[in-house]
Amino acid sequence: MNNVAILATTGTIKAGLYQSQLEKEKLNFVVPDDIQQKIIMESILIYKSGNEEMAYRLLKPVISQLKNIGVEKFIIGCGETPVLLKKNGTWMGILMVRGS
């Protein structure tokens, strides 16, 4: 499997739960950089406040950036993220692995 990206809250990323398991499995993975992670968190919080469209618009460029560097699959480590990624019946053209 090629690169996998972890989409999760900052706390989950900092805890390293997914990273340690991926390392054990010898899988290549990408953790969003600080700017991307800030946007992911902002998107989650905006979604929780009720603005699904704005949350989607924030998250979409991060997904594109990650895909552009070779990410093929995403671990969804946050319950809100699948809802944000599904727009007009599609999943932003990505393959996902449910993290929990």
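Described in the following lines is the structure provided in the data block. (Residues numbered from 1 in each chain as written. Predicted model: local features only at pLDDT ≥ 70, side-chain atom pairs only at ≥ 80, totals over all residues. Heavy atoms only, no water.)

1. Thoughts on the side chain of S43
Tracing the chain through its elements places S43 in helix 3 (residues 34–48). Within polar-contact distance, the side chain of S43 engages the backbone oxygen of A55 at 2.7 Å. (Helix = DSSP H or I, 4+ residues; strand = E, 2+ residues; numbered from the N terminus. Polar contact = N/O pair within 3.5 Å; in protein donor to acceptor, adjacent residues only side chain to side chain.)

2. Brief notes about the environment of K60
Considering the arrangement of structural elements, one finds K60 in helix 4 (residues 52–68). C-alpha of K60 to C-alpha of S43: the two residues are 17 residues apart in sequence and 9.8 Å apart in space.

3. A word on the pattern of salt bridges
Summed over all chains, the structure comprises 1 salt bridge. Between E53 and R57 there is a salt bridge, with the nearest N and O atoms lying 3.6 Å from each other. A residue pair is termed a helical-turn pair when its members lie 3 or 4 positions apart in one helix, as E53 and R57 do in helix 4 at 4 residues. (Salt bridge = Lys/Arg side-chain N within 4 Å of Asp/Glu carboxyl O.)

4. Side note on helix 2 (residues 17–24)
Those residues of helix 2 lying buried are Y18, Q19 and L22. For helix 2, the angular spread of buried residues about the axis comes to 100°, placing them on one side. Exposed and oriented more than 90 degrees from the buried face of helix 2 are L17, E23 and K24. Packed against the buried residues of helix 2 are strand 1 (4–7), helix 1 (10–15), strand 2 (29–30) and strand 3 (73–76). Positive backbone phi, approximately 60°, marks K26, located one or two places after helix 2. (Buried < 20%, exposed > 50% of the residue type's maximum accessible area, 1.4 Å probe, protein only. Arc of directions from axis to C-beta. Contact = heavy atoms within 4.5 Å.)

5. Overview of the packing of helix 3 against helix 4
Remark: helix 3 packs on helix 4, axes separated minimally by 8 Å, with the N-to-C direction vectors making an angle of 155°. One finds that helix 3 runs roughly antiparallel with respect to helix 4. In the packing of helix 3 onto helix 4, the handedness of the crossing is left-handed. Residues Q36, I39, I40, E42, S43, I46 and Y47 of helix 3 form the contact with helix 4, whose participating residues are E52, M54, A55, L58, L59, V62, Q65 and L66. Split by residue class, the contact of helix 3 with helix 4 holds 10 nonpolar, 3 polar and 2 charged. (Axes fitted to C-alpha atoms, helices over the stretch in contact; angles between N-to-C directions. Parallel < 35°, antiparallel > 145°, perpendicular 65-115°, else oblique. Left-handed = near helix turned anticlockwise from the far one by under 90°. Nonpolar A, V, L, I, M, F, W, Y, C, P; charged D, E, K, R; others polar.)

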